[in-house]
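These are the residues of each chain, in order.
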There are 2 protein chains.
Amino acid sequence: IIKNNVQRLIPGDEKSESAKRAFAIRRNIGLVFSGGPAPGGHNVIAGLYDEAKKYNPESRIFGFLSGPDGILESKYIEITQSLVDTYRNMGGFSMIKTGRTKIDSKNKMELALKTCMELELDALVVIGGDDSNTNAAFLAQQFVGSGIKVIGVPKTIDGDIQVKTDDSRILCAISFGFHSAAMSFSQNISNLTTDAGSAIKYWHICKVMGRVASHLALECAFQTHANLTLIGEELADYTDQQRIEKARENGTVDYTAYGMTLRHLSRVICDTIVRRAASGKNFGVMIIPEGVLEFINEIQVFIIKLNKIIAEYNHTHDINFHTSFPTLNDKLEYLRRLTRGMGDKDKFPIWNLRDDDLFDQLPSFFQEGLLVERDTHGNFQFSQVKTENIIMDMVKEYLTILKEQGKYKVGIEHSYFKSTMQLANIIPDKFATAIFKDPKAEYLIIKESIISLKTLKQALVNSELIGSDDAVPQSIIQIFKKSDPKFKTQTHFYGYDGRGADPTHFDCNYTYNLGMTAFHLIANGATGQMAAIRNLEKKFDKWEPIGIPIAKLMHLEERNGKLELVIEKSLVDLNSNAFRVFKTLRDEWQAAESNQDRYRRPGPVRFTGNTEDDSPIMLRLNSI
Amino acid sequence: IIKNNVQRLIPGDEKSESAKRAFAIRRNIGLVFSGGPAPGGHNVIAGLYDEAKKYNPESRIFGFLSGPDGILESKYIEITQSLVDTYRNMGGFSMIKTGRTKIDSKNKMELALKTCMELELDALVVIGGDDSNTNAAFLAQQFVGSGIKVIGVPKTIDGDIQVKTDDSRILCAISFGFHSAAMSFSQNISNLTTDAGSAIKYWHICKVMGRVASHLALECAFQTHANLTLIGEELADYTDQQRIEKARENGTVDYTAYGMTLRHLSRVICDTIVRRAASGKNFGVMIIPEGVLEFINEIQVFIIKLNKIIAEYNHTHDINFHTSFPTLNDKLEYLRRLTRGMGDKDKFPIWNLRDDDLFDQLPSFFQEGLLVERDTHGNFQFSQVKTENIIMDMVKEYLTILKEQGKYKVGIEHSYFKSTMQLANIIPDKFATAIFKDPKAEYLIIKESIISLKTLKQALVNSELIGSDDAVPQSIIQIFKKSDPKFKTQTHFYGYDGRGADPTHFDCNYTYNLGMTAFHLIANGATGQMAAIRNLEKKFDKWEPIGIPIAKLMHLEERNGKLELVIEKSLVDLNSNAFRVFKTLRDEWQAAESNQDRYRRPGPVRFTGNTEDDSPIMLRLNSI
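Residues numbered from 1 in each chain as written. Chains lettered and ligands numbered in written order. Predicted model: local features only at pLDDT ≥ 70, side-chain atom pairs only at ≥ 80, totals over all residues. Heavy atoms only, no water.

Enquirer: Even after reading the chapter, I still don't get the domain arrangement of chain A, so can you show me in this structure?
Expert: Buried accessible area, meaning the area lost when the parts come together, often serves as the stated size of an interface. Residue and element names in this part refer to chain A. Here the domain parsing of chain A yields domain 1 (7-176 + 503-567), domain 2 (184-320 + 354-402 + 574-599) and domain 3 (409-482). Inter-centroid distance (C-alpha atoms) of domain 2 to domain 3 is 37 Å. Residue-level contacts link six residues of domain 2 with six residues of domain 3. Summing both partners gives a buried area of about 470 Å² for domain 2 against domain 3, and 57% of it is carried by carbon and sulfur. The interface formed by domain 2 and domain 3 includes zero salt bridges. At the boundary of domain 2 with domain 3, the tally comes to two residue pairs in polar contact (both at pLDDT 80 or more). (Domains from an automatic or database assignment. Contact = heavy atoms within 4.5 Å. Buried area = accessible area lost by both parts, 1.4 Å probe. Salt bridge = Lys/Arg side-chain N within 4 Å of Asp/Glu carboxyl O. Polar contact = N/O pair within 3.5 Å; in protein donor to acceptor, adjacent residues only side chain to side chain.)

Put into structure tokens, the structure is as follows:
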């Protein structure tokens, strides 16, 4: 299992007589969904069913109910032609449901084997994410003696299962469900771009799913051309050159110069908001990946430390941390005790005074978030934290400061200013010089010193445009008020709705072929492999079904405070074509200068057209 | 203006020579969007433009920029063929944008007239909601002397502009944008029904826009068959018969018996959750209208009182209430002062001790919400309050109590119990009698007295199925654990995304015809009328363009603490066919018995098919 290689599949008509016989064996195949739903799952079943029945109509397919629990508890249904036809091309995993139980102990492995043997299975197909495919590999190992094959199918809307060879040839470009979820999110986000540009009143803040990687956010950026999209991987990669330089001069190293801080991120966001406002656009759409905080320097440290503290507590005390410390105050008290209990100098203090100090500065709802119960994999549940609120609270705070400093202003269109002055019979030039930074600019920005009606009057008096007893002309007041920005936001979270969307034409075809591939792998005698399609970005006749040995994808990772073998999640590669194209185009999408917004409306999920014309943009860019 | 009647429009080929001449006059027509965007607005422009140019290619159409501000400040563009072609059938109001300024003072009226006269307008078309159409009527009155006609067009996704004659014949069945928004929301909500039934883990709580009326929630219920939909109008209509009876026996009247309280509502929701869980479905989808709290007895009182207090403060002090009292504590302190300052016995205390006491019991984020800044119409901004959290917090609290009482349990499928017992070689019958309420039911409910492993063991020992030193069989523990519900929710808000959606085929045609109708009204010499289409629910050849006199729709309403003439918003009529059909079918959709979920997937906004086959379900039901 560990040593097998990428499996190439031979088309039916090129097969040897012995291979043909192997395909025609009557088989029992079980299949199970694991983890959150993703569009296209039903077509994996359909592809597997159709292909198995094609080679032997006597073969039987069983679907385990409600995820891995169905295997452990021997709860299943037989998949019939009528079930397959009912659910073909439909979203969700409604036919047999899904669950999050992990088959991760010796006892559970044995229970699973018992169920599979009683059902006289020839093979088990596990449709799931990185963890579930990891599980599939371990099950394959466990089942070797029994002769039952285990095949994985790469499912996750997050798009973080991507496999390359050592020499960077793509084996699995993307997991299924990614495209459908991205299109569903993008339809909603593009509706918000329309709203933003019509009501010219709101910044729409859209958090999109993606617990670890920012692939979905990146794809939504390509699909919608939203004004600002945060890519977590880029934030983590950031280095503060000034600080590094300064440290070098002092002959030291400043570790805090690597990776972006929450404070710095809020400054970057404010920069876009302020520059768009200066060009008359005090509105916009921003995309934030659900897991962005995990890429922020100080948060990363907190999560690692708290994960460890909670896991260690659970391990040592045989009682759950959250049961022992139900309220936030209880938890904070425990942390404080950790810092105080540092008398023992041999022990490296995991939670030191600096941590405690930094942690104290966070808003309590975020503290609570960081201390919240971990999911069944021991992961921090980012979906439970209002990431967008944490970031936007800091943004709002800083915008208030910028406004007080006179640096956050709405730019006034030159023609608007001129016609307003004409209506009021005021000759614009002198007034423009008195109140605007650059009176010749296309968008006129009120001087930083003018931040109130009082300072406005002072400027006019100083320029001798009005006497100190005169009133400020109404039209000038009108211009001043127009230049005074309100920052209004609406936040949105797109995730579960996209997860439950119907599959796109691309995902429909992709998943049906994954199902067929899974059958071919079984018929070829493979086990511990993940079904995949190579050349996904090319025309359909170039698609190549393969099997990828799962064991080779694994690496060691800390889970629940213990090192475990798992499949590495693929993050957004900052050297990929997709990211580099994004970097090239994002200034244009930001429209922070006088250019127009370049919003794009991808429209709804469609079932027409060629698959290859409507696949993830990221996929096509990365294949160039 | 006040006395004119419903205007019937005569088709071009039936017109008299004089009418034909009237149509062919060269005209300048201005148009303006007012209020939030709604899908179809661009087609109103297209219909008006095409029809005006058809009768006289020399006629010119001007679009005022950024809403009524464009009129006040004389900012406009001329609508060209190329602009019309670019935006035809597109969502949003991006072409000329919109704004929320009200032309509600004498000064503003005069400014508006000045702009319109300088542009030599023959007519002004105001595309907006109830307030904007009210405004249109006042402008029409103001413009009478100048000969400039003012025509309104009924726009609001909330669907609360509906007009009937006194004898209940429908003149305007629905405002434009309603169908598109409902379809956009419904696509997302139906995705969540798929997710709910696949992951079998979450209750998805969907708040949908609709500040006052619950039409959008009702239409989404028809489109998706979500398990529970709250209709605000029904809650307000609720009467507590027990209390009324009791008061009658005592010879008193209990005013608190009329209308549903927040607490009672949370009980009603819990009932659905508990009953679905009992039939094995500890998940679901719930739709909550944005404005539901306004229909809740005690909240209604708070809003009226606080609106008055804030308006009075602003009026008396010439400084804004929110400027004087920036923090929640400041505001609470002011309210407390009001109750204390009741020494003056002549003054009826608007905020009494009982109010203060009740208000104190609300969570502080909701207090803050109730005291938040009012919108420009002086309305309470419900979209700023997390309605869904207020309700769900109470639901969660009560579910915890029900769980402790053993009343909230997941029902175990009979066949599941049997096969689990068989696997464990346990004869099911005796155990079933010991632990289940009704051992013969299709879904088995654990007895209320069994709420822990300890009480479970006790029940088995009492039934002499195990000795007091024996362990509880693993399979029984497995059944018990399955019956123990976790209540997990995900909340969603759909509003702005639907507002910015592309128009449905129905809205595309409806709005284009509204635009044409607006031109016909102008050419017929009408003013102060609202363009409408009668027989909207029928086949297209039965559609009948009419003009509805706006003044007749008005009634007195309190705004900013003052009585004003406004168009009455149409609420969901509890005697309408639509509501009665909803009441008949909702038990089935709730699926709180052993029946299956009946979720419906309406799919995305489509541009194909017959208009009349894809119009609001509510509309079709109400026309039967």
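Next comes the rest of the account.
Enquirer: What is the right way to read the packing of helix 2 (residues 41-55) of chain A against helix 23 (residues 505-523) of chain A from this model?
Expert: Packed helix pairs are specified by the crossing angle of their axes together with the interaxial distance, meaning the distance between the axes. Residues and elements named next belong to chain A. Relative to each other, helix 2 and helix 23 sit at 45 degrees, their axes nearing to 7 Å. The pairing of helix 2 with helix 23 is recorded here as oblique in orientation. Every pair of crossing elements has a handedness; the one defined by helix 2 and helix 23 is right-handed. For the pair formed by helix 2 and helix 23, the contact residues are Asn43, Val44, Ala46, Gly47, Leu48, Asp50, Glu51, Ala52 and Tyr55 on the first element and Cys508, Thr511, Tyr512, Gly515, Met516, Ala518, Phe519 and His520 on the second. Here the contact of helix 2 with helix 23 is composed, by residue class, of 10 nonpolar, five polar and two charged. (Axes fitted to C-alpha atoms, helices over the stretch in contact; angles between N-to-C directions. Helix = DSSP H or I, 4+ residues; strand = E, 2+ residues; numbered from the N terminus. Parallel < 35°, antiparallel > 145°, perpendicular 65-115°, else oblique. Left-handed = near helix turned anticlockwise from the far one by under 90°. Nonpolar A, V, L, I, M, F, W, Y, C, P; charged D, E, K, R; others polar.)

Enquirer: What's the story with the relation of the copies chain B and chain A in this structure? I'm lost.
Expert: Each of the two chain copies can be brought onto the other by rotation about an axis and movement along it. Expressed as a screw operation, the relation of chain B to chain A combines 0.1 Å of axial shift with a rotation of 180 degrees, fitting to an RMSD of 0.1 Å. Taken together, the rotation and translation relating the two chain copies correspond to the operation of a two-fold axis. Distance from the rotation axis, computed per C-alpha, reaches its smallest value in chain B at Pro604 of chain B: 3.0 Å. Both copies contact each other with a shared surface, as 100% of the interface residues of chain B are interface residues in chain A too. (Least-squares fit on C-alpha atoms with pLDDT ≥ 70 in both.)

Enquirer: Please explain the state of the cysteines as it appears in this structure.
Expert: Here, the word disulfide means a covalent bond between the sulfur atoms of two cysteines. All names here are of chain A. In the structure shown here, the tally under the stated rule is zero disulfides over all chains. With no disulfide of its own, Cys172 has Cys508 as its nearest cysteine by sulfur position, at a separation of 18 Å. Not part of a disulfide, Cys270 finds its nearest cysteine sulfur in Cys206, a span of 18 Å. (Disulfide = S-S within 2.5 Å.)

Enquirer: I'm lost on the interface of chain B and chain A in this one. Help?
Expert: Of the residues lining the interface, 49 residues belong to chain B; the matching set on chain A comes to 49 residues. Summed over both partners, the interface of chain B with chain A comes to about 3,800 Å²; 47% of that surface belongs to carbon and sulfur atoms. It is Lys75, Ser198 and Tyr496 of chain B that lose the most area in chain B upon contact with chain A, and together they represent 15% of the buried surface on that side. There are eight salt bridges connecting chain B and chain A. With a shortest N-O distance of 2.7 Å, Asp195 of chain B and Arg499 of chain A are connected by a salt bridge. Our count for the chain B to chain A interface comes out at 31 residue pairs in polar contact (both at pLDDT 80 or more). Of all the elements in the fold, those that place two or more residues in the side of chain B that touches chain A are helix 5 (106-118), helix 7 (178-199), strand 9 (202-208), helix 18 (414-423), helix 21 (474-483), strand 14 (488-494) and helix 22 (496-499) of chain B. Of all the elements, helix 7 of chain B adds the most residues to the side of chain B that touches chain A, at 10 residues. Counted by class, the side of chain B that touches chain A contains 14 nonpolar, 21 polar and 14 charged residues.

Enquirer: What's the story with the sheet that holds strand 10 (residues 228-229) of chain A in this structure? I'm lost.
Expert: All names here are of chain A. Taken in spatial order, the four strands line up as 10-11-9-14 in an open sheet, and their pairing is parallel. With partners counted over all chains shown, the strands left at the sheet margins are strand 10 and strand 14 (488-494), one partner each. Relative to strand 11 (residues 284-289), strand 9 (residues 202-208) runs parallel, the two sharing six bridges. By the bridge assignment for strand 11, His204 is matched with Val285. (Pairing = 2+ DSSP bridges.)

Enquirer: Before we go on, may I ask you to explain the packing of aromatic side chains in this structure?
Expert: Pairs of aromatic rings are described using the distance from one ring centre to the other and the angle between the two planes. Residue and element names in this part refer to chain A. Scanning the entire structure with this criterion turns up 49 aromatic pairs over all chains. On the numbers, 5.5 Å between centres and 80 degrees between planes, the contact of Tyr313 with Phe321 is edge-to-face. Per residue, the accessibility class of Tyr313 equals that of Phe321, and both read buried. Through a chain of ring-to-ring contacts, the aromatic side chains of Phe222, Phe579, Phe582 and Trp589 assemble into a single cluster. (Phe/Tyr/Trp six-rings, centres within 6.5 Å; stacked < 30°, edge-to-face > 60°. Buried < 20%, exposed > 50% of the residue type's maximum accessible area, 1.4 Å probe, protein only.)

Enquirer: Explanation requested: the packing of helix 18 (residues 414-423) of chain A against helix 21 (residues 474-482) of chain A in the structure shown.
Expert: Residues and elements named next belong to chain A. It is at 9 Å that the axes of helix 18 and helix 21 come closest, and there the two elements cross at 155 degrees. One way to sum up the angle between helix 18 and helix 21 is to call them roughly antiparallel. Helix-helix and strand crossings are classified by hand; for helix 18 and helix 21 the assignment is right-handed. Only Ser475, Ile476, Gln478, Ile479 and Lys482 of helix 21 make contact with helix 18, whose side of the interface consists of Tyr416, Phe417, Thr420 and Met421.

Enquirer: How should I be thinking about empty space enclosed by the protein in this particular structure?
Expert: All names here are of chain B. Scanning the model with the defined rule gives one cavity of 30 Å³ or more in all. Roughly 50 Å³ of volume is contained in the largest cavity. Lining the largest cavity we find Ala226, Asn227, Leu228, Thr229, Phe582, Arg586, Trp589 and Gln590. Residue assignment for the lining of the largest cavity shows that the elements contributing at least two residues are strand 10 (228-229) and helix 24 (577-590). Ranked by residues supplied to the lining of the largest cavity, first place goes to helix 24 with four residues. Considered class by class, the residues forming the lining of the largest cavity number four nonpolar, three polar and one charged. (1 Å grid on protein atoms, 1.4 Å probe; cavity = no way out; pocket = protein on both sides within 12 Å on 5 of 7 lines; lining within 4 Å. Points joined across faces, edges and corners; volume = space filled by probe spheres on them.)

Enquirer: Is there a simple way to think about the pattern of salt bridges in this case?
Expert: Any two side chains of opposite charge can pair if their charged atoms end up close together. If you walk through the whole model with that rule in mind, you get 53 salt bridges over all chains. Here Asp50 of chain A makes a salt bridge to Arg88 of chain A, at a shortest N to O gap of 2.9 Å. With Asp50 of chain A in helix 2 and Arg88 of chain A in the loop between helix 4 (81-87) and helix 5 (106-118), this pair connects stretches of sequence that are 38 residues apart. Ionic pairing is found between Glu333 of chain B and Arg336 of chain B, a salt bridge with its closest N-O pair at 3.6 Å. With Glu333 of chain B and Arg336 of chain B both in helix 14 (residues 328-340), this residue pair falls three residues apart, about one helical turn. Looking at Glu333 of chain B, the relative accessible area reads 32%, which means it is partly exposed. What makes Arg336 of chain B partly exposed here is its relative accessible area of 26%. Each of Asp50, Asp85 and Arg88 of chain A takes part in one network of salt bridges that share partners.

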